[in-house]
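# Breakdown of the fold
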Amino acid sequence: MDKNAFSQLIVSVFFTLVLCLVMSTNLSAASLLEQRSDYRAAITADDKKRYRDFKRLKYGLKDYPLYPYLAYREFMRELPSATLTRVKRFEERYADMPFTTTLRSRYLGLLGIRKDWSTFLAYQPEPPNSEQLQCYYYRAKAQRGARDEAIEGAKSLFLKGKSVKKACDPLFLYLKRSGEMTDALILERLLLAFDSRNLRLMKYLAKQPSQSGKASAAAAIRLYGRPDNVEHFSRASKVTAFNGELVMSAVKKLARANVKEAVRQFNGAMKGQKIADDKRQETAEFIAGRLMSTTDAALMVWRDNIIQNSSNVALIDRRFRLALTRSSMNAAGRWIDQLPEEEANKLKWRYWQARVARDRGHHFSANQRFEDMTGERNFYSIAAAVQLGQSPYLPFANPIAEPQSLEVFKKPLERVRELLALDKVVAAKREWEFLLRRSSREQIEQLAVYASDKKWHHLAVQATIRGKLWNLIQHRFPIAHRGWFDMFSKKRQLPLTTLLALCRQESAFYSQAVSPVGARGLMQLMPATARATSKKLGIRYRGKSSLTDPVTNIRIGSGYLRELLDKYDDNRVLALAAYNAGPSRVKRWLNDSNGNLDAVAFIETIPFKETRGYVQNVLVFEMYYRELLGKPQLFLQPHERNMRY
């Protein structure tokens with residue numbers, strides 16, 4: 001064969017191989033798309049109870065990554081008739097699936113309803129987590145003769161200040177028949193109900209004790225209605241453990257309604273029942289906590305005398321912040337000195353110790369303290385660097401991807417991929433979290449890298465949090481939905497870094513996020529806020545369900561943030577506080593501080609821990625985004641730094 005013919009043959013073979021590879025890839029992609037379509041159809045068939053169609057589609061999807069979910073759906077329909085052996089076999093087969101937890105809970109619930117106690121304990125030899133299943137568990141123990149364990153479990157379930165699941169009623173009847181439902185136990189729960197402000201439960205419990213116990217219960221109910229009688233009750237009643245606890249609870253209830261009266265009656269109420277010093281101090285600290293906003297000079301003295309004898313960090317912290325609000329750095333230092341040593345060594349307090357030293361004229365000592373705390377991933381460390389006129393140091397780490405280390409997770413990663421492709425975001429998140437719980441720190445690091453590479457931004461963030469991988473900055477702070485954030489940052493004249501930092505704090509880029517109070521989507525918009533903002537922007541609001549759409553959420557959320565920045569003259573500190581807690585609260589906090597504070601001190605005095613941490617986090621997160629986007633580092637803008645709050 002001559003040279004030209006050989007060259008032509010090589011070229012021909014090469015292009016044939018390429019064509020085969022392309023065709024194979026296209027067929028594979030087509031096959032995967034068909035499987036996704038059939039999977040959707042199977043789910044629809046199952047939802048509509050077309051079980052013959054479901055079985056047919058399921059049979060053709062045995063090689064599809066999400067096949068286990070179809071098997072689970074079918075198995076759950078058959079669960080009521082399943083034997084323990086069959087349940088265990090299914091659970092073992094799909095041990096790496098997150099639905100195994102739900103399977104166990106459902107099966108235990110069925111066994112409890114049937115009172116199949118021997119099977120229940122064979123399947124669940126240790127106490128389960130949920131209250132309902134614990135009720136069944138200890139009933140099973142009682143039926144199988146484990147009396148002591150059943151009684152202890154029953155007591156732990158009984159002693160709650162709220163109603164307990166009805167499944168526990170037979171267990172509490174067992175307590176009664178065993179002679180363990182004593183007056184002391186009933187009255188102990190009644191006190192818990194008192195502290196939980198559950199009058200309905202108190203009245204229910206008051207019917208259960210013996211005659212002498214009924215008298216104590218009735219006294220508690222009367223005192224609940226008239227806590228201002230606490231001193232008289234304490235002096236007039238026999239000194240007992242129950243009466244002592246009741247008096248302390250009544251004093252606290254009185255403090256909620258009339259703190260001045262609680263202070264007036266405190267000493268007499270404590271003396272009447274000979275309350276021990278530690279319990280007396282604990283009750284006094286509760287009252288002191290209600291006096292932070294008092295303007296009564298005598299009450300302020302009483303409050304501070306109590307706190308001076310306290311080691312309660314939360315209470316001392318509140319008093320410290322009150323001193324800051326009053327612009328009394330010297331008094332603030334006094335309360336820092338009150339802190340336990342371990343607490344005082346934390347970065348927050350080291351920062352304020354340095355501020356106090358500087359205020360007292362000890363500049364060298366203050367600068368040394370600031371220097372000692374720089375270089376940490378922390379709001380106070382960055383604030384310390386700014387005090388020194390330094391550029392904050394932000395530690396980074398960029399791990400090398402090692403795909404082979406994730407080979408063991410091939411199947412769950414395929415399932416995550418498919419769930420996301422099908423827009424089953426909640427299920428994908430559940431799969432991911434289940435995977436993270438079963439992984440080592442080193443594996444979690446690689447999973448974070450993998451998720452970032454796949455642009456699974458929220459999942460990458462979740463991995464860094466689960467693994468406490470604080471140095472993996474580019475994975476902790478992804479630049480997600482870049483096109484939309486770019487577009488709306490320009491349209492609203494907002495810094496891209498501020499938008500990204502706020503979104504990272506609000507939802508960690510989880511578009512389906514819903515908060516306990518109903519805030520939704522990437523920028524966690526309340527539906528009422530979204531409706532009002534949409535109206536101002538001149539765009540149609542399509543209801544709260546639309547807020548899980550990233551584009552809609554960013555469009556409205558960026559508009560609301562722009563509105564707040566306009567309101568506060570582009571001051572991020574105030575705008576962020578208002579975004580989290582509402583403008584009316586920010587107005588009140590500014591009135592309290594009365595122009596006496598700098599930016600860091602104002603943030604510190606925000607009364608809500610959540611809002612305080614929120615503002616601190618977003619400011620720090622923006623520093624990281626500035627680094628990632630190659631922008632100059634700037635912790636506070638000049639007008640934010642120079643303003644008196």
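Bear in mind that the values here come from a model prediction, so they are computed numbers and not experimental data.

## What to know about the overall build of the protein
- Counting its regular elements, the protein contains 37 helices and 0 strands.
- Each principal axis of the C-alpha distribution contributes one length, and for the protein these read about 115 × 70 × 50 Å.
- Among the 645 residues that make up the protein, the fraction classed as buried is 50%.
- On the protein, the mean spot of the 106 positive side-chain charges and the mean spot of the 66 negative ones are 6 Å from each other.

## What to know about the packing of aromatic side chains
- Overall, the coordinates contain 32 aromatic pairs when judged by the stated rule.
- Between the aromatic rings of phenylalanine 90 and tyrosine 94, the centroid separation amounts to 4.9 Å while the plane-to-plane angle is 55°, which identifies the pairing as tilted.
- Overall, the relative accessible area of 10% leaves phenylalanine 90 in the buried class.
- With a relative accessible area of 6%, tyrosine 94 lands in the buried category.
- Both rings, one in tyrosine 351 and one in phenylalanine 370, keep their centres 5.7 Å apart while their planes meet at 55°; by these two values the pair is tilted. Residue tyrosine 351 is found in helix 21 (residues 347-359), and its partner phenylalanine 370 is found in helix 22 (residues 363-372); the two are separated by 19 residues along the sequence.

## Here we look at the nonpolar core
- One finds Tyr39, Ile287, Tyr351, Trp352, Trp432, Tyr579 and Leu619 to be the most contacted residues of the largest nonpolar core, which totals 196 residues.
- Considering every element that reaches this core, the biggest residue donor is helix 36 (residues 609-628), with 9 residues.

## Some thoughts on the side chain of glutamine 35
- Positionally, glutamine 35 belongs in helix 1 (residues 3-47).
- Setting aside its immediate chain neighbours within four residues, glutamine 35 contacts Leu61, Asp63 and Tyr64.

## Brief notes about helix 36
- For helix 36, built from 20 residues, the straight-helix expectation of 28 Å at 1.5 Å per residue is met to within 8% by its first-to-last C-alpha distance of 28 Å.
- Taking burial as the measure, the 20 residues of helix 36 include 14 buried ones, the bulk of the element.
- After helix 36 finishes, the residue glycine 630 shows a positive phi value of roughly 70°.

## Considerations on the environment of aspartate 46
- Looking at where aspartate 46 falls in the secondary structure, it is placed in helix 1.
- Along the backbone, aspartate 46 and leucine 70 are 24 residues apart, and their C-alpha atoms lie at a distance of 9.0 Å.
- Ignoring sequence-local partners within four residues, the contact set of aspartate 46 consists of Tyr51, Phe54, Arg73 and Arg77.

## Considering the confidence of the model for the protein
- Per-residue pLDDT for the protein averages 94, and the proportion of residues at 70 or more is 95%.
- When the criterion is pLDDT under 50, residues 3-27 qualifies, and its contacts beyond four places in sequence or with other chains add up to 2 contacts.

## Notes on the state of the cysteines
- Per the stated rule, a full pass over the model turns up 1 disulfide.
- Between the sulfur atoms of cysteine 135 and its disulfide partner cysteine 168 the distance amounts to 1.8 Å. On the sign convention where negative is left-handed, the bridge of cysteine 135 and cysteine 168, at about -90° about the S-S bond, is left-handed. Pair noted here: cysteine 135 is in helix 7 (residues 131-143) and cysteine 168 is in the loop between helix 8 (147-158) and helix 9 (169-177), with a separation of 33 residues, a long-range link.

## Points about the pattern of salt bridges
- Summed over the entire model, instances satisfying the criterion amount to 38 salt bridges.
- Residue arginine 86 pairs with glutamate 78 through a salt bridge whose shortest N-O separation is 2.4 Å.
- For arginine 86, a relative accessible area of 30% gives the class partly exposed.
- Note that aspartate 304 is salt-bridged to arginine 303, the shortest N-O span being 2.9 Å. This pair shows no difference in class: aspartate 304 is buried, exactly as arginine 303 is.
- Through salt bridges with shared partners, a single ionic network connects Asp46, Asp47, Arg73 and Arg77.

## Quick look at unusual backbone geometry
- For histidine 481, which is not glycine, the phi torsion reads 50° and is therefore positive.
- Relative to the helices and strands, histidine 481 resides in the loop between helix 28 (473-476) and helix 29 (482-491).
- With relative accessibility at 29%, the residue histidine 481 sits in the partly exposed group.
- Look at asparagine 594: it is not a glycine, yet its phi comes out positive at around 55°.
- With respect to the helices, strands and loops of the structure, asparagine 594 is situated in the loop between helix 34 (583-593) and helix 35 (599-605).
- Classification of asparagine 594 by relative accessible area gives exposed; the value is 58%.

## Points about the side chain of serine 439
- With respect to the helices and strands, the residue serine 439 is situated in the loop between helix 25 (425-437) and helix 26 (441-453).
- A distance of 2.7 Å separates a polar side-chain atom of serine 439 from the backbone oxygen of leucine 435.
- Residues within four places of serine 439 in sequence aside, it is in contact with Phe409, Ile444 and Leu447.

## So, helix 33 (residues 572-581)
- Taking burial as the measure, the 10 residues of helix 33 include 9 buried ones, the bulk of the element.
- Of the surrounding elements, those touching the buried residues of helix 33 are helix 30 (496-507), helix 32 (550-567), helix 34, helix 35, helix 36 and helix 37 (638-642).
- The N-cap residue of helix 33 is asparagine 571: its side-chain oxygen and the backbone nitrogen of valine 573 are 2.9 Å apart.
- Phi turns positive one or two residues past the end of helix 33, at glycine 582, with a value near 100°.

## Thoughts on the environment of alanine 501
- Looking at the secondary structure, you find alanine 501 in helix 30.
- Taking the C-alpha atoms as reference, alanine 501 lies 34 Å from aspartate 96; in sequence the two are 405 residues apart.
- With sequence-adjacent residues up to four places away left out, alanine 501 is seen in contact with Val618, Phe621, Glu622 and Tyr625.

## A word on the environment of proline 80
- Within the secondary structure, proline 80 sits in the loop between helix 3 (67-78) and helix 4 (84-93).
- Overall, proline 80 belongs to the partly exposed group, its relative accessible area being 46%.
- Through-space distance from the C-alpha of proline 80 to that of tyrosine 107 is 7.8 Å; in sequence the pair is 27 residues apart.
- In this structure proline 80 touches Leu110 and Arg114, once residues within four positions along its chain are discounted.

Parameters and conventions
- Residues numbered from 1 in each chain as written.
- Predicted model: local features only at pLDDT ≥ 70, side-chain atom pairs only at ≥ 80, totals over all residues.
- Heavy atoms only, no water.
- Helix = DSSP H or I, 4+ residues; strand = E, 2+ residues; numbered from the N terminus.
- Buried < 20%, exposed > 50% of the residue type's maximum accessible area, 1.4 Å probe, protein only.
- Lys, Arg positive; Asp, Glu negative; His and termini not counted.
- Charge placed at Lys NZ, Arg CZ, Asp CG, Glu CD.
- Phe/Tyr/Trp six-rings, centres within 6.5 Å; stacked < 30°, edge-to-face > 60°.
- Core = buried A, V, L, I, M, F, W, Y, C linked by side-chain atoms within 4.5 Å.
- Contact = heavy atoms within 4.5 Å.
- Expected span 1.5 Å × (residues − 1).
- pLDDT = per-residue confidence, 0-100.
- Disulfide = S-S within 2.5 Å.
- Salt bridge = Lys/Arg side-chain N within 4 Å of Asp/Glu carboxyl O.
- Polar contact = N/O pair within 3.5 Å; in protein donor to acceptor, adjacent residues only side chain to side chain.

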